[in-house]
Amino acid sequence: MFVTTHAAIGALVGVVVPSPTAAFSLGFLSHFLVDRIPHGDEHMLDGYKSGDKIKRAVAYVSIDAVIAMYVTLLILSNAPPHLHAAMKWGLIGSILPDLLVGVYEVTKIGPFFRRFTAYHHKNHHHWIGKYRKGKDIPFKWGVAYQVVAALVLVKIAVIG
Ligand SMILES: [Zn+2]
């Protein structure tokens, strides 16, 4: 799932749950729920690892990272100050799982990161395996509906 989508959801969690600790925890959990929705990137990491589609994966992640930064600033600069802490922590919790996976993919360190990454990928595949016989939706459909979902979520998250 786009980091942008996770970030917008995390910020919204902070609006609904104005405690930073609770927002962080729920943001973290939201990542796993949202990741289960088939979104077309099931094979992107494999394509990157095998060297098959490195450019596509790097481009996708880079564009997403820049948009996520912009969206984060947009959301927080429009939010009332008393919600900033919870929104920030919700947002951090919601993108943290992908950061931990990234740390593992780059460093291959430790049993914790290895197990976490294995769980993350298993969760990512869960509904695809259960409801779609292991077949993800086409990448372009995933991108298309995530763009729409991200626009709607950002529109909702830009409050104030
Ligand atoms: Zn993820």
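The next point concerns the overall build of the protein. Counting secondary structure elements, the protein contains seven helices and zero strands. Tracing the protein from N to C terminus, the helices and strands come up as α-α-α-α-α-α-α. The globule rule puts the C-alpha radius of gyration for 160 residues at 15 Å, and the 16 Å found for the protein is close to it. Taken along the three principal axes of its C-alpha coordinates, the protein extends 45 × 35 × 30 Å. Within the protein, the proportion of its 160 residues that are buried is 40%. Within the protein, contacts between residues at least 6 apart in sequence are counted, and of these 77% link residues at least 24 apart. The protein carries 16 positive and 9 negative side-chain charges, and their two centres are separated by 3 Å.

Turning next to the coordination of the zinc ion. Summarising the metal site, the zinc ion is bound by the protein donors His 31 (NE2), Asp 35 (OD), Asp 98 (OD) and His 120 (NE2), whose distances to it range over 2.1 Å. Here the zinc ion is ringed by four donor atoms whose angles at the metal span 88 to 178 degrees, and the overall shape comes out irregular. Written as a sequence motif, the donor arrangement for the zinc ion is H-x3-D-x62-D-x21-H. Here His 120 lies in helix α6 (residues 111–131) and His 31 lies in helix α2 (residues 20–36), a separation of 89 residues in the sequence.

On to helix α7 (residues 139–157), then. Helix length check: α7, at 19 residues, gives a terminal C-alpha distance of 26 Å against a target of 27 Å (1.5 Å per residue), a fit within 8%. Every buried residue of α7 is listed here: Phe 139, Gly 142, Gln 146, Ala 150, Leu 153, Val 154 and Ala 157. Here the buried residues of α7 occupy an arc of 95 degrees about the axis, which is enough to place them on one side. Among the exposed residues of α7, those oriented more than 90 degrees off its buried face are Lys 140, Trp 141, Val 148, Leu 151 and Lys 155.

The next thing to look at is the confidence of the model for the protein. As a general rule, the predicted coordinates of low-pLDDT regions are not to be interpreted in detail. Per-residue confidence for the protein averages 87 on the pLDDT scale, and 93% of its residues sit at or above 70. Looking across the protein, the model is least confident in helix α3 (residues 44–49), with a mean pLDDT of 66, and most confident in α2, with 96.

Cut-offs used in this document
- Numbers given for residues are sequential positions, taken from 1 along each chain in its written order.
- With pLDDT at 70 or above as the cut-off, local features in this predicted model cover only qualifying residues; side-chain atom pairs require 80 or more to be listed or tallied, and sums for whole chains, interfaces and linings still use all residues.
- Calculation of side-chain values draws on the structure's entire complement of heavy atoms; hydrogens and water are dropped beforehand.
- Starting at the N terminus, helices and strands are each numbered in turn, a helix being any DSSP run of H or I of at least four residues and a strand any DSSP run of E of at least two.
- Each radius of gyration is computed over the set of C-alpha atoms, and the globule rule expresses the reference value as 2.2 Å times the number of residues to the power 0.38.
- Summary of the burial criterion: residues with accessible area below 20% of their type's maximum are buried, those above 50% are exposed, and those between are partly exposed, where the area comes from a 1.4 Å probe applied to protein chains only.
- We call two residues contacting when some pair of their heavy atoms lies within 4.5 Å.
- The charge count includes Lys and Arg as positive and Asp and Glu as negative, but it does not include His or the ends of the chains.
- Here the site of a charge means atom NZ of a Lys, CZ of an Arg, CG of an Asp or CD of a Glu.
- Ligating atoms shown are N, O and S within 2.8 Å of the metal, or 3.2 Å for Na, K and Ca, and water is not included, meaning a site may look less than complete.
- When four donors show all angles between 85 and 135 degrees the site is tetrahedral, when four or six donors have opposite pairs over 155 degrees and all other angles between 65 and 115 it is square planar or octahedral respectively, and in every other case it is irregular.
- The span one expects for a helix is its residue count, reduced by one, times 1.5 Å.
- Of all possible arcs, the one meant is that of the directions from the helix axis to the C-beta atoms.
- On a scale of 0 to 100, pLDDT captures the predictor's confidence in every residue.

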